[in-house]
Amino acid sequence: MFYPTVPPRRESAPRKRGAAPGPGPRVALVADRETAAGTSDPYARGVTGPRLVVIGGLPGTGKTTVADELAARVACPVFNKDRVEASLRNDGVTAEQGSWTVAENLLTTLAGEQLRRGQSAILDTVARVAASRAAWRATAEHAGAAFRLIECVCSDPARHRARIEGRIRGIPGWAELTWDDVESVRARWTPWDDERLVLDAVEPVSANVAAALRYLE
Ligand SMILES: Nc1ncnc2c1ncn2[C@@H]1O[C@H](COP(=O)(O)OP(=O)(O)O)[C@@H](O)[C@H]1O
Ligand SMILES: [Mg+2]
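Residues numbered from 1 in each chain as written. Chains lettered and ligands numbered in written order. Predicted model: local features only at pLDDT ≥ 70, side-chain atom pairs only at ≥ 80, totals over all residues.

**Digging into the overall build of the protein**
When helices and strands are tallied, the protein shows eight helices and five strands. Mapped from its N terminus to its C terminus, the protein presents α and β elements in the order α-β-α-β-α-α-β-α-β-α-α-β-α. The 217 residues of the protein split such that 35% are buried. (Helix = DSSP H or I, 4+ residues; strand = E, 2+ residues; numbered from the N terminus. Buried ≥ 20, exposed ≤ 12 C-beta atoms within 10 Å, placed from the backbone.)

Below is the structure:
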């Protein structure tokens, strides 16, 4: 298991929701390989190739929040399982027909295509099933890309519940989740033993994003 030992770097200014990305730390991806050399930006140092980043965890633990902030800084796509599955449901693929599995498989395909082009991708999905996490690791290895797994948790159940119940995502065709939904996923949860970074959503978003950026190196 990987836990950051260095305290997260303070960002210059917290970004308001919906505002343009600020001058936060930026990770150099493959296109930046040349310019990253000799840079004084610590986040550019050592990141010289594509990454497959999987951000998992129970609903309401801040996966999408971290994924979207990371994407703004590293300029790579996020493939969000809920958005893809909602789209499938809108086109008539039911839960009984395996919309969850189909959505995760689509994420794998899209990520594989990104990696094949030498570009990074972030998957935003619960990632409950160990076989799925192993498949994503294998997808990265097959493409010669680095694999980074992040598990989001929320160690404060009251805050976790308040966030689930206060959240309005407005995804077309996708119901807002309830606390019962979270408990239902938790009941089927097997603790992960994968090498990973764990982010606790009781910490500020900026601190978690900074820790995630370090972990991408
Ligand atoms: N570290 C945090 N501090 C404060 N609020 C947070 C934090 N992480 C997430 N949130 C809020 O909690 C809610 C759930 O986060 P979200 O990213 O949608 O979770 P998930 O994608 O895991 O379901 C959102 O309203 C989000 O703004
Ligand atoms: Mg989400």
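On we go from here.
**Concerning the site of ligand 1**
Taken together, 16 residues lie near ligand 1, and Gly62, Lys63, Thr64, Thr65 and Arg163 sit nearest. At the level of secondary structure, the elements contributing two or more residues to the shell around ligand 1 comprise helix 2 (63-74) and helix 8 (205-216). Per-element accounting of the shell around ligand 1 gives the leading share, three residues, to helix 2. Residues that form the shell around ligand 1 fall into these classes: five nonpolar, seven polar and four charged. (Near = placed C-beta within 6 Å. Nonpolar A, V, L, I, M, F, W, Y, C, P; charged D, E, K, R; others polar.)

**Some remarks on the packing of helix 3 (residues 81-90) against helix 4 (residues 99-116)**
Look at helix 3 against helix 4: their axes get within 9 Å of each other, and the N-to-C directions meet at 125°. Looking at the two axes, helix 3 sits oblique to helix 4. In this structure, the crossing between helix 3 and helix 4 has a hand that is right-handed. Contact with helix 3, carried on its side by Lys81, Val84, Glu85, Leu88 and Arg89, involves Ser99, Trp100, Val102, Ala103, Glu104, Leu106 and Leu107 of helix 4 and no other residues of that element. Residue composition of the contact of helix 3 with helix 4, grouped by class: seven nonpolar, one polar and four charged. (Axes fitted to C-alpha atoms, helices over the stretch in contact; angles between N-to-C directions. Parallel < 35°, antiparallel > 145°, perpendicular 65-115°, else oblique. Left-handed = near helix turned anticlockwise from the far one by under 90°. Contact = placed C-beta atoms within 7 Å.)

**Quick look at the pairing of strand 5 (residues 197-200)**
Of the two faces of strand 5, only one is covered, namely that formed by Leu197 and Leu199; the face formed by Val198 and Asp200 stays uncovered. Pairing of strand 4 (residues 146-153) with strand 5 involves four bridges; the strand directions are parallel. The residue bridging Cys152 from the neighbouring strand is Leu199, located in strand 5. (Pairing = 2+ DSSP bridges.)

**A few points about the pairing of strand 1 (residues 51-57)**
Among the seven residues of strand 1, seven are classified as buried, and the element is accordingly described as predominantly covered. In this sheet, strand 4 lies alongside strand 1 in parallel orientation, the contact comprising seven bridges. Across the sheet, Leu52 pairs through a bridge with Phe147, a residue of strand 4. Judged from the four bridges that link them, strand 1 and strand 3 (residues 121-124) form a sheet pairing that is parallel. Within strand 3, the position partnered with Ile55 by the bridge is Asp124.

**Examining helix 8**
For helix 8, built from twelve residues, the straight-helix expectation of 16 Å at 1.5 Å per residue is met to within 8% by its first-to-last C-alpha distance of 16 Å. Listing the buried residues of helix 8 in full gives Asn208, Val209, Ala210, Ala211, Ala212, Leu213 and Leu216. Of the surrounding elements, those touching the buried residues of helix 8 are strand 1, helix 2, strand 4 and strand 5. (Expected span 1.5 Å × (residues − 1).)

**Some remarks on unusual backbone geometry**
Residues other than glycine seldom take positive phi values, yet Ala75 does so here, at roughly 50°. Residue class for Ala75 comes out partly exposed when judged on the 15 C-beta atoms lying within 10 Å of it. You will see that Ala127, though not glycine, has its phi angle at about 60°, which is positive. On the basis of neighbour counts, which here come to 25 C-beta atoms within 10 Å, the residue Ala127 falls in the buried class.

Such coordinate-based values are descriptive only and should not be taken to indicate function.
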